Amino acid sequence: MKIFCIGRNYADHAKEMNSSVPEKPMVFMKPSSALLLDDKPFYYPEFSQNIHYEVEIVLKINKHGRHIEPKYALSYFDEIGLGIDFTARDIQAECKKKGHPWEIAKAFDNSAVIGKFLPKEGLDLNAIKFRLLVNGTEVQTGNTADLMFDFQKIISYISTIFTLQNGDFIMTGTPAGVGSVKIGDILEGFIGEHKMFECEVK
Ligand code: MG
């Protein structure tokens, strides 16, 4: 099982990070040990002083595929979920400055919160509204209408480089509004009115 993540896939988030908008999907991965499921708490890691939340729509891949044409890409998932790409922003800034890989800032244990899933039928994939609340206050809102690379493009592109396998996840990028978490925070993610996850920072 692999977790693919797309960086800078919403222009407003790229802007808030003072980052350029990529010409192709920007892909990185997290290992299976990054998964945090079933509303389990997130334990603040000691190697960082600035862990950020990034709420993201998650796709669950349902079959094996490579070199998938965009027109067939939507058949490679049946369900839409929501999660958090926890990011050690202080470590990431050091990595960026040195031109180093991002793994230690992005792929650490429990850095991929993944909540419940909804069947994709009944959802307008090009207009899924999602949001993140921290301690009851809305901090991020997103709409898949604003994706720079939509689900078809993401799946097709990834599959030209990596074989997609049943059970893989794709975290599709975060909108603007990312910010720091602190111990005691309660993070709640919603797609429309559906509560998809709750995560306490401990
Ligand atoms: Mg992200």
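Residues numbered from 1 in each chain as written. Predicted model: local features only at pLDDT ≥ 70, side-chain atom pairs only at ≥ 80, totals over all residues. Heavy atoms only, no water.

Trainee: Help me understand the coordination of the magnesium ion, please; the structure alone is not making it clear to me.
Mentor: Note on metal sites: the ideal angle is 109.5 degrees for four tetrahedral donors, and 90 or 180 degrees for six octahedral donors. Those donors, E54 (OE), E56 (OE) and D85 (OD), are the protein atoms that reach the magnesium ion, and they lie 2.0 to 2.1 Å from it. Positions of the donor residues of the magnesium ion, expressed as sequence spacing, correspond to E-x1-E-x28-D. The class of E54 is buried, set by a relative accessible area of 3%. (Donors = N, O, S within 2.8 Å, 3.2 Å for Na, K, Ca; no water. Buried < 20%, exposed > 50% of the residue type's maximum accessible area, 1.4 Å probe, protein only.)

Trainee: Any chance you could explain the sheet that holds strand 12 (residues 179-180) here in plain terms?
Mentor: Sheet strands associate in pairs through backbone hydrogen bonding, adopting either a parallel or an antiparallel arrangement. Spatially, the three strands line up as an open sheet ordered 7-4-12, and their pairing is antiparallel. The sheet is open, and its two edges are formed by strand 7 (87-88) and strand 12, each paired on a single side. Inspection of the sheet shows strand 4 (residues 51-53) paired to strand 12 by two bridges, in the antiparallel sense. Paired with Y53 across the two strands is G179, which belongs to strand 12. (Pairing = 2+ DSSP bridges. Helix = DSSP H or I, 4+ residues; strand = E, 2+ residues; numbered from the N terminus.)

Trainee: When you look at unusual backbone geometry in this model, what are you seeing that I'm missing?
Mentor: Glycine aside, residues mostly have negative phi angles, and peptide bonds mostly take the trans form. One non-glycine residue with positive phi stands out, namely N18, at about 55°. Its location among the elements puts N18 in the loop between helix 1 (11-16) and strand 2 (26-30).

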